[in-house]
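# Architecture and fold: a report
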Amino acid sequence: MTVDKRIYNDSVISKVVYWLSGDYKIVRTTLDEFTEKIDIVLNNSDSDSINQFENRFFQSLNDFKLRQIVANETRDIKTILYAKAFAEDEDLSEEDIHD
């Protein structure tokens, strides 16, 4: 399979590969700046297993991509909540609030 890295960044692809690596052997190869090739080795060559892997892989890509979007969109809100929660803490600096 191939994955478009303009849609799914390396962090998202790495998370999916990690979560599925317990069930499959997965090899990643960069084809070019925008494309990554994903090869899998199954315990058997059953086509249902390949289809199942592809379904799990793309479902997981979309799941982790959505999680990343939500995290990015809520970052400012979290920062405000942290700042408010620790407003009285004199030892806390602005750098402590961000990742």
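The coordinates are above.
Because the structure is predicted, anything quoted here is derived from the model rather than measured.

Ranked by size, the top nonpolar core spans 15 residues in total, and within it Val3, Ile13, Leu20, Ile26, Phe57 and Leu61 carry the most contacts. Among the secondary structure elements, those contributing two or more residues to this core are helix H1 (10-20) and helix H2 (47-85). Apart from residues lying up to four places away in sequence, Phe57 is in contact with Met1, Val3, Val16, Val17, Leu20 and Ile38.

Each aromatic ring pair is specified by the distance between its two centres and by the angle formed by the two planes. One pass over the structure, following the stated rule, counts four aromatic pairs. Both rings, one in Tyr18 and one in Trp19, keep their centres 5.3 Å apart while their planes meet at 75 degrees; by these two values the pair is edge-to-face. Ring geometry for Tyr24 and Phe53: centres 4.7 Å apart, planes at 70 degrees, overall edge-to-face. Taken together, the residues span a long stretch of sequence, with Tyr24 in the loop between H1 and strand E2 (25-32) and Phe53 in helix H2 at a distance of 29 residues. Here Tyr24 and Phe53 have matching classes, each one buried. An aromatic cluster is present here, built from Tyr24, Phe53, Phe57 and Phe58 joined pairwise through their rings. The ring of Phe34 has Arg6 sitting right over it, with the charged end atom 4.6 Å from the ring centre.

What counts, and where the lines are drawn
- Residues numbered from 1 in each chain as written.
- Predicted model: local features only at pLDDT ≥ 70, side-chain atom pairs only at ≥ 80, totals over all residues.
- Heavy atoms only, no water.
- Core = buried A, V, L, I, M, F, W, Y, C linked by side-chain atoms within 4.5 Å.
- Buried < 20%, exposed > 50% of the residue type's maximum accessible area, 1.4 Å probe, protein only.
- Helix = DSSP H or I, 4+ residues; strand = E, 2+ residues; numbered from the N terminus.
- Contact = heavy atoms within 4.5 Å.
- Phe/Tyr/Trp six-rings, centres within 6.5 Å; stacked < 30°, edge-to-face > 60°.
- Lys NZ or Arg CZ within 6 Å of the ring centre and 35° of its normal.

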